[in-house]
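# Observations on the three-dimensional arrangement
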Amino acid sequence: MPATTLTIDLDALTDNWRAMDAKSGTNVETAAVVKADAYGLGVAGVCPKLARAGVTSFFTALSQEAVAVRHAVGPAPDIYSFSGYSSETAEAITQHDLIPVLSTPEHVRDFLTADPTLPFAVQLDTGMNRMGLEPAEFATLKDAILARNPYLTLSHLACADDPNHPQNAKQLRCFKDMTDGLGLRRSFSATGGTLIGPEYHFDLTRIGIGLYGGLPYTNAKPVANLQIPVLQIRDVAVGESVGYSATWIAKRPSRIATIAAGYADGLIRAMGSGKVMLWAQNTPCPIVGRISMDLITVDITDLGHTPTHLEILNQTQTVEDLATAAGTIGYEILTSLGGRYKRVYKGN
Ligand SMILES: *Cc1c(COP(=O)(O)O)cnc(C)c1O
């Protein structure tokens, strides 16, 4: 049986990076955020292509993710780890030449007492109240930090997916109040903030979701295609049910295809009650009954032929469509995509 296959279009991915790089403007570096295994698409496949396209900085959440990126891209690029610096991460950071993003007063203090030759970044909290030094904490530690010449100073917007949200300007004011005139290299925006406008760009933008085809970058090219083999086809008579709890009952003689993926592969149950279709080339076929752990049942009565596989992600139905149907965001759909898929990279 053919495997359930997630195909990642690396040319679409690098086109998305180039488009976001153009929006970032000249003299602004456009970094790639590749935490959570490149948003589920696979660091080893994605990062070398991005590096060849011109990405020179990568951001990860955990130090072990950063190590995987180092293995993928070699010694040249800057690789940041948002998890900062601690006794647990110190060895990986020095050994693999990683840049810890220091985000708590404790991490800053620990770091400043360690090897003084290591580069580091500092995260400031300008209003999200998640990570980063608050204005008062930064004021206390500022002289010690500046004396060690941070490689990058960054903050993160809470509401950038809504360009009209008043918190954006408020956080921008706070970031400038904390950092203007200090001669720091600064980064403020992820995908959403980069789309708001140039005053949000500073020296480096950090682009995640926009690379992978998700909102808020509305013009992103779709990057992921997911092809699921058909395991069985059966005829169901009027009045018979399909799936758990018998939620779907045939109103006409029906042909039902059972395909080889389910909620354990990130195709969460909530999608089943929405508008999600399975696609035989250009023909949509509705999901019937509940999504199971490893299986989905699909009504192919009107298809007129027997498919060997169906697609749930393609050029027409994107990560965002699955997210909308399931009441979540593209980020969650992408990062939930399963470890059981065969990942194929197109445009290597
Ligand atoms: C995840 C993350 C990003 C990337 O955000 P996108 O919205 O995916 O572009 C940038 N900066 C920080 C601190 C993050 O946590």
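Note that residues are indexed from 1 along each chain, following the sequence as it is written. Given that this is a predicted model, residues contribute local features only at a pLDDT of at least 70 and side-chain atom pairs are listed and counted only at 80 or more, while totals for whole chains, interfaces and linings are drawn from all residues. The basis for every side-chain value is the complete set of non-hydrogen atoms in the structure, without hydrogens or water.

## Structural notes on the layout of surface pockets
The probe, sized like a water molecule, is rolled over the atoms to show the empty space still left. Using only the protein atoms, space was sampled on a 1 Å grid; points where a 1.4 Å probe fits but cannot get out form cavities, open sets with protein on both sides within 12 Å along at least five of seven lines form pockets, and lining residues are those with an atom within 4 Å of a point. Grid points are joined across faces, edges and corners, and a volume is the space filled by probe spheres set on the points. Estimated volume of the largest pocket: approximately 650 Å³. Every helix listed is a DSSP run of H or I at least four residues long, and every strand listed is a run of E at least two residues long, numbered separately from the N terminus. Sorting the residues of the lining of the largest pocket by element identifies α2 (35-39), α9 (191-196) and α12 (330-336) as the ones contributing at least two each. Among the residues forming the lining of the largest pocket, the class breakdown is 18 nonpolar, ten polar and five charged. Where each domain starts and ends comes from a domain assignment, either automatic or drawn from a database. Taken domain by domain, the makeup of the lining of the largest pocket includes at least three residues from each of domain 1 (10-211) and domain 2 (224-346). Residues are grouped as follows: nonpolar covers Ala, Val, Leu, Ile, Met, Phe, Trp, Tyr, Cys and Pro; charged covers Asp, Glu, Lys and Arg; every other residue, Gly included, is treated as polar.

## Quick word on the domain arrangement of the chain
Here the domain parsing of the chain yields domain 1 (10-211) and domain 2 (224-346). Each of domain 1 and domain 2 was reduced to a C-alpha centroid, and the two centroids are 37 Å apart. Any two residues whose heavy atoms approach within 4.5 Å at even a single point are treated as in contact. If you look at the interface, domain 1 gives ten residues, while domain 2 gives nine residues. Accessible surface is computed with a 1.4 Å probe, and the buried area is the amount of it that two parts give up when combined, taken over both parts together. Broken down residue by residue, the surface that domain 1 buries against domain 2 is led by Tyr-39, Leu-41 and Ile-209, which jointly contribute 57%. What counts as a salt bridge is simple: a side-chain nitrogen of Lys or Arg found within 4 Å of a carboxyl oxygen of Asp or Glu. One can count zero salt bridges joining domain 1 with domain 2. Polar contact is the term for a pair of N or O atoms within 3.5 Å; when the atoms are in protein, one must be able to donate a hydrogen and the other to accept it, and sequence-neighboring residues count only if both atoms are side-chain atoms. One can count three residue pairs in polar contact (both at pLDDT 80 or more) joining domain 1 with domain 2.

## A closer look at the site of the ligand
Taken together, 13 residues are adjacent to the ligand, and Lys-35, Tyr-39, Thr-191, Ile-209 and Tyr-331 come closest. Lys-35 has a polar side-chain atom sitting 2.6 Å from an oxygen atom of the ligand. Between the ligand and Ile-209, the relevant distance is 2.7 Å, taken from an oxygen atom to a main-chain nitrogen or oxygen of the residue. For the accessible areas, the method is Shrake-Rupley and the probe is 1.4 Å, while residue cover comes only from the protein chains on display. Relative to its unbound accessible surface of 390 Å², the ligand loses 91% to contact with the protein. The site holding the ligand turns out to be the largest pocket. Mapped onto the shell around the ligand, the elements with two or more residues apiece are α2 and β9 (204-207). Residue composition of the shell around the ligand, by class: seven nonpolar, three polar and three charged. Throughout, the term near means that a residue has one or more heavy atoms lying within 4 Å of the molecule or strand in question. Pocket occupancy is defined atom-wise: a molecule lies in a cavity or pocket when more than half of its atoms are within 2 Å of its grid points.

## A few points about the pattern of salt bridges
According to the stated counting rule, one finds 13 salt bridges in the structure shown. Between Asp-15 and Lys-221 there is a salt bridge whose closest N-O contact spans 2.7 Å. Note that Asp-15 is positioned in helix α1 (residues 10-24) and Lys-221 in the loop between α10 (209-212) and β10 (224-236), a separation of 206 residues in sequence. Burial classes: relative accessible area under 20% of the type maximum marks a residue as buried, over 50% as exposed, and values in between as partly exposed (1.4 Å probe, protein chains only). The class of Asp-15 is partly exposed, set by a relative accessible area of 29%. A relative accessible area of 40% means that Lys-221 is categorised as partly exposed. With a shortest N-O distance of 3.0 Å, Glu-29 and Arg-185 are connected by a salt bridge. With Glu-29 in strand β2 (residues 29-33) and Arg-185 in the loop between α8 (166-179) and β8 (186-187), this pair connects stretches of sequence that are 156 residues apart. Taking the relative accessible area as the measure of exposure, Arg-185 reaches 25% and is therefore partly exposed. Salt bridges sharing partners connect three or more residues here, namely Asp-15, Arg-18 and Lys-221.

## Some thoughts on the packing of helix α3 (residues 43-53) against helix α4 (residues 63-73)
One way to put it is that α3 packs onto α4 with a least axis distance of 8 Å and a crossing angle of 55 degrees. Taken together, the axes of α3 and α4 are oblique relative to one another. When the axes of α3 and α4 are compared, the crossing they make is right-handed. Judged by residue contacts, Val-43, Ala-44, Cys-47, Pro-48 and Ala-51 of α3 engage Ala-68, Val-69, Ala-72 and Val-73 from α4. For the contact of α3 with α4, the per-class residue count stands at nine nonpolar, no polar and no charged. To get an axis, a line is fitted to the C-alpha atoms, and for a helix only the part in contact is used. The angle between two axes follows their N-to-C directions and goes from 0 to 180 degrees. Throughout this description, any angle smaller than 35 degrees is read as roughly parallel, any larger than 145 degrees as roughly antiparallel, any in the 65 to 115 degree range as roughly perpendicular, and the remainder as oblique. Put simply, a crossing is left-handed when the front helix is turned counterclockwise from the back one by less than a right angle, and right-handed when it is turned clockwise.

## Some words on unusual backbone geometry
Here Leu-215 and Pro-216 are connected by a cis peptide whose omega angle stands at 15 degrees. Relative to the helices and strands, Pro-216 resides in the loop between α10 and β10. Although it is not a glycine, Asn-149 adopts a positive phi angle of roughly 55 degrees. With respect to the helices and strands, the residue Asn-149 is situated in the loop between α7 (135-147) and β7 (152-154). With a relative accessible area of 62%, Asn-149 lands in the exposed category.

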